[in-house]
Amino acid sequence: MRKDVRILLVGEPKVGKTSLIMSLVSEEFPDVVPYRVEEITIPADVTPERVPTHIVDYSEAEQTDEQLFQEISKANVICIVYAVNNKKSIEKVTNHWIPLITENTDKDSRVPLILVGNKSDLVEHSSMETILPIMNQYSEVETCVECSAKNLKNISELFYYAQKAVLHPTGPLYCPEKKDMKPLCVKALTRIFKVSDLDNDGILNDNELNFFQRACFNSPLEPQALEDVKNVVRKNLIDGVHYNGLTLKGFLFLHTLFIQRGRHETTWTVLRRFGYDDDLELNQDYLFPPLKLPPDCTTELNHNAYLFLQSVFDKHDKDRDCAMSPDELRDLFDVFPYMPWGPDVNNTVCSNEQGWITYQGFLSQWTLTTYLDVQRCLEYLGYLGYSIIAEQESQAAGITVTRAKKIDLQKKQTQRNVFRCNVFGDMDSGKSGFLQAFLGRNLVRQKMIKEEHRSYYAISTTYVYGQEKYLLLHEVFPDFDYLTDADMACDIVCLVYDVSNPYSFEYCAKVFKQYFMDSKTPCMMIAAKSDLPEVKQMYGCSPLEFCRKHKMPPPQSFTCNTAAEPNREIYTKLTTMAMYPHARLRCMCTCNRCTFCLCQNLLNSELLQTVRAKLYAVVLRRHIIQENLTSSTIWLRASVGATVFAVLGFAMYRVLLKTRCFRCCTSFLSPSPPLLLITALVLVLDQVLQKQDDSNLSRATGSHSPWPHSSQAYDFASATAQAMTRLVSRYPSAASGVPQANHSR
């Protein structure tokens, strides 16, 4: 809507132009009328439409033709004034004024005209019979008003209609010759109907009509008024009401009726609420609301936006198969002026066996658009009517701007949900296969993708410590000399090489050294095509040595040549590294030979679980009688002390190991003495607790205790010897570092 209205009054001399303006301002007929009054501005709070109005007078006696032409070009609406008692002034309307105005205005920017018949107090008849043919001949004539400056008749109505002709013009909406709405108006109202049809059943039920009424006019319709509206449609249109709901034809008929009855402001109110301008195009301010995006920040959809998109998906998923068929997708984007998604989208997100975008893929694509091009996302949400349906001020309310990445690094935590991984690699190294495998496609399904439908992005969800996160993979074109800032701006770097190509790793090494060696971006090396025979890489060092040298995780083997869906574990590791770039990633191998793997196996071993269960049983057992507490206290204390010592020792060892955890797979291939000591203590504790259980069992059955004080030292030594013997037999490579047990007393 315009911010102000400029009204120009023209006409022959002595027809009462100046008198009309002065009567409006002073609300009385002036005794003395000058040739011309200066421009008058009526404040917004006085006008019915709450818009400032400028009224400009013209006098042939005081102004030149050049000044008249300038005023015509600046005017929003022109009132051609004639005297109803002067036929010559009426003839001048068509002979002089309308052609003059047409010549001095752009054809594309049509200026509405109001025909004003003044001095109606001097005649008893109306001039409408003469004026109606003129209105029918010239479509730019909005209306005709007969008034009297002397009697103040229709003075306010005159300027109201002039203002209305600017703010709510009839021309863009209605064609008088065809007596029907224009195609652009029909197209806009059809989009509004489909957006308002919340369940996509083709009709607006009472709830949807009331929601529409509240959204446009801030008040619902009374039940009787709603029924009256439907009755009017029923009487004039056979299929305007269906199942007691308003169809699209009925909706369009109502607005045609509003326009024909001079209530086109109702239609304009609806159109402007849904973002349309005076040319029936979606307003740029509506599609692209202001959104501040500081440097080093990213954009994501918030919870309300995801809820809205879920409702949109459910609305158009008619067969309830949790996937969008091509027909359903076309129906969804019917409210768009163009098809926003191409065939490459099906290879960017998850799809079902038929190649249709799934529910998860639908949300992923919106997440991708928000991350890469937030302005495009705002535009798309505007087409879907997000601000109206979600009852928000604009689409910007559905966007979250994350804090700067450097602040996340300082605080060592992040609130982001989308992480970008740029994938580098030489030609034919397996980058595209790596991206498609993330979407659950093995090599067989990947071969079915057409080259023109190939996508350089892949996005889906992963779970990190129970939290759902989006991982965005971007395949970077292998042009080593022309990497842009966008190619290097990411949360994690993935370097892919082909294990069967001896020259593939060299590219990854060069990219890392030139662009990422001194950056804080975590990197991971991917050994792709691991199902093929591995060859030696023609580089100064092996990929494993290269990763060890630069404190990177060891190369991760990967293949998409599987019968089922490829393993997604590696993508979870990538997301974890992206979420916690400040932390050193733990060993990711499964060799069962390095120190880290042995420690993890010990923590997860059945032996340690048994010891823990027995310790809980000894500490929490309530049925031990009072006389047995004295004999068992010393061994209970010894057991607890040994356990505490083992835990503290293991904790200290892990602290010492932390600085070298990236190289643990190669630098510690055999168990260290601290680990052997911890394991021995755990085994001793197991033997002690087993003896304690036997003792308690003997007391419960009434037999003699097999654990007298005189043999306690022997039993402890025997348990230690047995534990060390079992440990040495399990790890013979470390036997030289463990003292041999003495079986004598």
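Owing to the predicted nature of the structure, the values given are computational and were not obtained by experimental measurement.

(A) Spatial organisation of the overall build of the protein chain. A tally of regular secondary structure across the protein chain gives 29 helices and 21 strands. For the protein chain, restricting intrachain contacts to residue pairs at least 6 apart in sequence, the fraction spanning at least 24 positions comes to 71%. Counting only carbon and sulfur atoms, one obtains 53% of the accessible surface of the protein chain, whose full area is about 38,200 Å².

(B) Structural view of the sheet that holds strand β9 (residues 203–204). Here we have 3 strands laid out as an open sheet, ordered β9-β11-β10, and antiparallel in their pairing. Unpaired on one side and paired on the other, β9 and β10 (241–242) mark the two borders of the sheet. As judged from the 2 bridges shared by β10 and strand β11 (residues 245–247), these two strands associate in the antiparallel manner. Residue pairing in the sheet places Val-241 in a bridge with Leu-246 of β11. Strands in contact with helix α9 (residues 248–260) are β9 and β11; relative to β11, the strand with the most contacts, it is inclined by about 80 degrees.

(C) Quick peek at the packing of helix α14 (residues 359–372) against helix α15 (residues 374–383). Taken N-terminus to C-terminus, the directions of α14 and α15 make an angle of 130 degrees; their axes are 5 Å apart at the nearest point. Between α14 and α15, the angle falls in the class oblique. On the side of α14, the interface is formed by Trp-366, Thr-369, Thr-370 and Leu-372, while α15 contributes Val-374, Arg-376, Cys-377, Tyr-380 and Leu-381.

(D) Region of interest: empty space enclosed by the protein. According to the stated counting rule, one finds 4 cavities of 30 Å³ or more in the structure shown. If you add up the space inside the largest cavity, you get close to 60 Å³. For the largest cavity, the full set of lining residues is Lys-405, Asp-408, Leu-409, Lys-412, Gln-413, Thr-414, Arg-416, Ala-578, Met-579, Pro-581 and His-582. Elements supplying a minimum of two residues to the lining of the largest cavity: α17 (405–411) and α23 (569–579). Take the lining of the largest cavity: its biggest share by element is 3 residues, from α17. When grouped by side-chain class, the residues that make up the lining of the largest cavity number 4 nonpolar, 3 polar and 4 charged.

(E) Region of interest: the side chain of Asp-57. Structurally, Asp-57 can be placed in strand β3 (residues 53–57). Comment: no salt bridge for buried Asp-57; closest opposite-charge side chain is Lys-17, at 5.4 Å. Within polar-contact distance, the side chain of Asp-57 engages the backbone nitrogen of Val-37 at 3.3 Å. Every residue in contact with Asp-57, bar those within four places of it in the chain, is listed here: Leu-9, Lys-17, Thr-18, Ile-21, Tyr-35, Arg-36, Val-37 and Gln-63.

(F) Expanded view of the sheet that holds strand β17 (residues 457–464). As summarised here, the arrangement of the 6 strands in space is β17-β18-β16-β19-β20-β21, forming an open sheet in which the pairing is mixed. The open sheet has two free edges, formed respectively by β17 and β21 (556–557), since each of these has just one partner strand. Alignment of strand β16 (residues 418–425) against strand β18 (residues 467–475), held across 6 bridges, turns out to be parallel. Of the residues in β18, the one forming a bridge with Asn-422 is His-474. Against the sheet, helix α21 (residues 504–516) engages β16, β19 (492–498) and β20 (523–528), with an angle of about 160 degrees to β19.

(G) Quick peek at the UniProt feature "domain: EF-hand" (unreviewed entry) in the protein chain. Feature annotation in UniProt places "domain: EF-hand" (unreviewed entry) on residues 304–339, given in this structure's numbering. Note that residues 304–339 is 56% helix and 6% strand, and that its end C-alpha atoms are spaced 25 Å apart.

(H) How the structure looks around the layout of surface pockets. By volume, the second largest pocket is sized at about 1,200 Å³. Taken together, 44 residues form the lining of the second largest pocket, with Arg-110, Glu-142, Pro-169, Thr-170 and Gly-171 sitting closest to its centre. At the level of secondary structure, the elements contributing two or more residues to the lining of the second largest pocket comprise α2 (65–74), α4 (128–137), β6 (141–146), α5 (155–167), β7 (174–175) and α9. At 4 residues, the largest contribution of residues to the lining of the second largest pocket is made by α5.

(I) Region of the structure containing α2. Of the residues making up α2, those classed as buried are Leu-68, Glu-71 and Ile-72. Looking straight down α2, one finds that the buried residues subtend no more than 100 degrees of arc, so they occupy a single side. Away from its buried face by more than 90 degrees, α2 exposes Glu-66 and Ser-73. The inward-facing, buried residues of α2 abut β1 (5–11), β3, β4 (77–83) and α3 (87–103).

(J) Spotlight on α15. Where burial is concerned, most of α15 is hidden: 8 out of the 10 residues are buried. Of the residues flanking the end of α15, it is Gly-385, one or two places downstream, whose phi is positive at about 75 degrees.

(K) Local environment of the pairing of β16. The buried count for β16 comes to 8 of 8 residues, which makes it a mostly enclosed element. Burial along β16 is two-sided: Val-418, Arg-420, Asn-422 and Phe-424 and Phe-419, Cys-421, Val-423 and Gly-425, pointing in opposite directions, are all buried. Where β16 lies against β19, 5 bridges are found, and the strand directions are parallel. Paired with Val-423 across the bridge in β19 is Cys-494.

(L) Region of interest: the side chain of Arg-191. Its place among the elements puts Arg-191 in helix α6 (residues 183–196). Of the side chains with opposite charge, Asp-334 lies nearest to the buried Arg-191, which makes no salt bridge, at 10.0 Å.

(M) How the structure looks around the pairing of β18. Burial of β18 is extensive: 7 of the 9 residues sit out of reach of the surface. Judged from the 8 bridges that link them, β17 and β18 form a sheet pairing that is antiparallel. Its bridge partner lying in β18, Ile-459 is registered against Leu-472. Between β17 and the antiparallel strand that follows it, β18, lie 2 residues; Tyr-465 among them carries a positive phi value of about 55 degrees.

(N) Spotlight on the pattern of salt bridges. Here the structure, examined in full by the defined rule, presents 23 salt bridges. Note that Arg-6 and Glu-39 form a salt bridge whose closest N and O atoms lie 3.1 Å from each other. Here Glu-39 lies in the loop between α1 (17–26) and β2 (40–42) and Arg-6 lies in strand β1, a separation of 33 residues in the sequence. The class for Glu-39 is partly exposed, based on a relative accessible area of 38%.

(O) Seen up close, the packing of aromatic side chains. Per the counting criterion, the structure on display carries 30 aromatic pairs. Pairing Phe-333 with Phe-336 gives two aromatic rings, centres 5.0 Å apart and planes at 85 degrees, and the pair type is edge-to-face. The residues Phe-333 and Phe-336 share a single accessibility class, namely buried. Through a chain of ring-to-ring contacts, the aromatic side chains of Phe-313, Phe-333, Phe-336, Tyr-338, Trp-341, Tyr-359, Phe-362, Trp-366, Tyr-380 and Tyr-383 assemble into a single cluster.

(P) Unusual backbone geometry, seen in detail. Positive phi outside glycine occurs at Lys-119, with the angle close to 65 degrees. Mapped onto the fold, Lys-119 is located in the loop between β5 (113–118) and α4. Owing to a relative accessible area of 25%, Lys-119 belongs among the partly exposed residues under this scheme.

(Q) View of the environment of Pro-581. By the element assignment, Pro-581 lies in the loop between α23 and α24 (595–603). When the C-alpha positions of Pro-581 and Leu-409 are compared, they lie 7.5 Å apart, and in sequence the two are 172 residues distant. Those residues within four positions of Pro-581 in sequence are excluded, and the remaining contacts are Leu-409, Lys-520 and Pro-522.

(R) Structural view of the packing of α9 against helix α10 (residues 264–273). For the pair α9 and α10, interaxial distance at closest approach is 6 Å and the crossing angle is 130 degrees. Classified by the angle between their axes, α9 and α10 sit oblique to one another. When α9 is examined against α10, the residues His-255, Phe-258 and Ile-259 are found in contact with a partner set consisting of His-264, Thr-266, Thr-267 and Val-270. By residue class, the composition of the contact of α9 with α10 is 3 nonpolar, 4 polar and no charged.

Rules behind the numbers
Residues numbered from 1 in each chain as written. Predicted model: local features only at pLDDT ≥ 70, side-chain atom pairs only at ≥ 80, totals over all residues. Heavy atoms only, no water. Helix = DSSP H or I, 4+ residues; strand = E, 2+ residues; numbered from the N terminus. Contact = heavy atoms within 4.5 Å. Areas by Shrake-Rupley, 256 points an atom, 1.4 Å probe, with all protein chains shown as cover. Pairing = 2+ DSSP bridges. Axes fitted to C-alpha atoms, helices over the stretch in contact; angles between N-to-C directions. Parallel < 35°, antiparallel > 145°, perpendicular 65-115°, else oblique. 1 Å grid on protein atoms, 1.4 Å probe; cavity = no way out; pocket = protein on both sides within 12 Å on 5 of 7 lines; lining within 4 Å. Points joined across faces, edges and corners; volume = space filled by probe spheres on them. Nonpolar A, V, L, I, M, F, W, Y, C, P; charged D, E, K, R; others polar. Buried < 20%, exposed > 50% of the residue type's maximum accessible area, 1.4 Å probe, protein only. Lys, Arg positive; Asp, Glu negative; His and termini not counted. Salt bridge = Lys/Arg side-chain N within 4 Å of Asp/Glu carboxyl O. Polar contact = N/O pair within 3.5 Å; in protein donor to acceptor, adjacent residues only side chain to side chain. UniProt positions renumbered as here; feature names shortened; annotations may be inferred. Arc of directions from axis to C-beta. Phe/Tyr/Trp six-rings, centres within 6.5 Å; stacked < 30°, edge-to-face > 60°.

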